[in-house]
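Spelled out, the chains give:
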Amino acid sequence: MIELGVNIDHVATIRQARKTYEPDPVWAAAEAELGGADGITIHLREDRRHIQDRDVRLLRETVARKLNLELSLADSIVAIACGVKPDQATLVPEKREEVTTEGGLDIVAQAARTREALRRLHDAGIVSSAFIEPDTKQIEQARTLGFAAVELHTGTYANAKDESAVARELQRLTEAGELVRKLGMKLHAGHGLNYHNTVAVAKIAGMAELNIGHSIVSRAVFVGLRQAVAEMKRLMVDAVGSR
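Summarised in this report is the structure supplied together with it.

## Regarding the pairing of strand β7 (residues 186-190)
And then number 1: Along β7, four of the five residues are buried, which leaves the element largely enclosed by surrounding structure.
And then number 2: Two elements, strand β6 (residues 149-153) and β7, share five bridges in a ladder whose sense is parallel. Bridging across to β7, Val150 finds its partner in Leu187.
And then number 3: Alignment of β7 against strand β8 (residues 207-212), held across four bridges, turns out to be parallel. Bridging from a neighbouring strand, His188 pairs with Glu209 of β8.

Okay, here's the thing in structure tokens:
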């Protein structure tokens, strides 16, 4: 069965806009789980633009399902992850000037830093995932380094403007997913997925987890977070049933 990881970063974004205490991402996580989320995903950025250290600590104590912490290769952030011990750590790229994560982590070019971060996470007993492009070299490197899972970056697919481009990017994801599974790693995907483009990705053979945030939080403005999560989960489950 495919799992839904709900990214609640942008609940914290709204809170930080006023530097106040609401809306609380801890409450959001509870609502998401009641809506059927299989996990909660958060990204602790170096600039703390949304999720704060306090959130990470409290979510570790309160999330009933899986807590997936996205993090850069920065030593200080890896240290926090090793101390908090989320159920899963997903290594992602990070740039201060970006609005949101742009592209996958280049674990080929940053092999040494990735290997060291992965060693520290493994020693802390944390399952690791690599957020990378649907690229053969990156996927093979993930296997070489010892990642348990690969999360394919779906941003290029989500941003495709015409049918031929969508089909081309979906084929890239499908072929990349096949290689991930062939190499013995779990297949995850995320970035830019919404209520219109998620079904095709969920149908990819062996897709085990999708991490979705912005579209769910946006939908929640109108229908509430619990219902928004339930709607997305239903789309995914129906997609798997029609594979």
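Still more ground to cover, so stick around.
## Side note on the pairing of strand β5 (residues 127-132)
And then number 1: Most of β5 sits out of view: five of its six residues are buried.
And then number 2: Bridge count for strand β4 (residues 88-91) against β5 is four bridges, and the pairing is parallel. Of the residues in β5, the one forming a bridge with Ala89 is Ser128.
And then number 3: Inspection of the sheet shows β5 paired to β6 by four bridges, in the parallel sense. The partner of Phe131 across the bridge, within β6, is Glu151.
And then number 4: Running through helix α6 (residues 136-145), the crossover from β5 to the neighbouring parallel element β6 is right-handed.

Parameters and conventions
- Residues numbered from 1 in each chain as written.
- Predicted model: local features only at pLDDT ≥ 70, side-chain atom pairs only at ≥ 80, totals over all residues.
- Heavy atoms only, no water.
- Buried < 20%, exposed > 50% of the residue type's maximum accessible area, 1.4 Å probe, protein only.
- Helix = DSSP H or I, 4+ residues; strand = E, 2+ residues; numbered from the N terminus.
- Pairing = 2+ DSSP bridges.
- Right-handed = clockwise from strand over helix to strand, strands pointing away.

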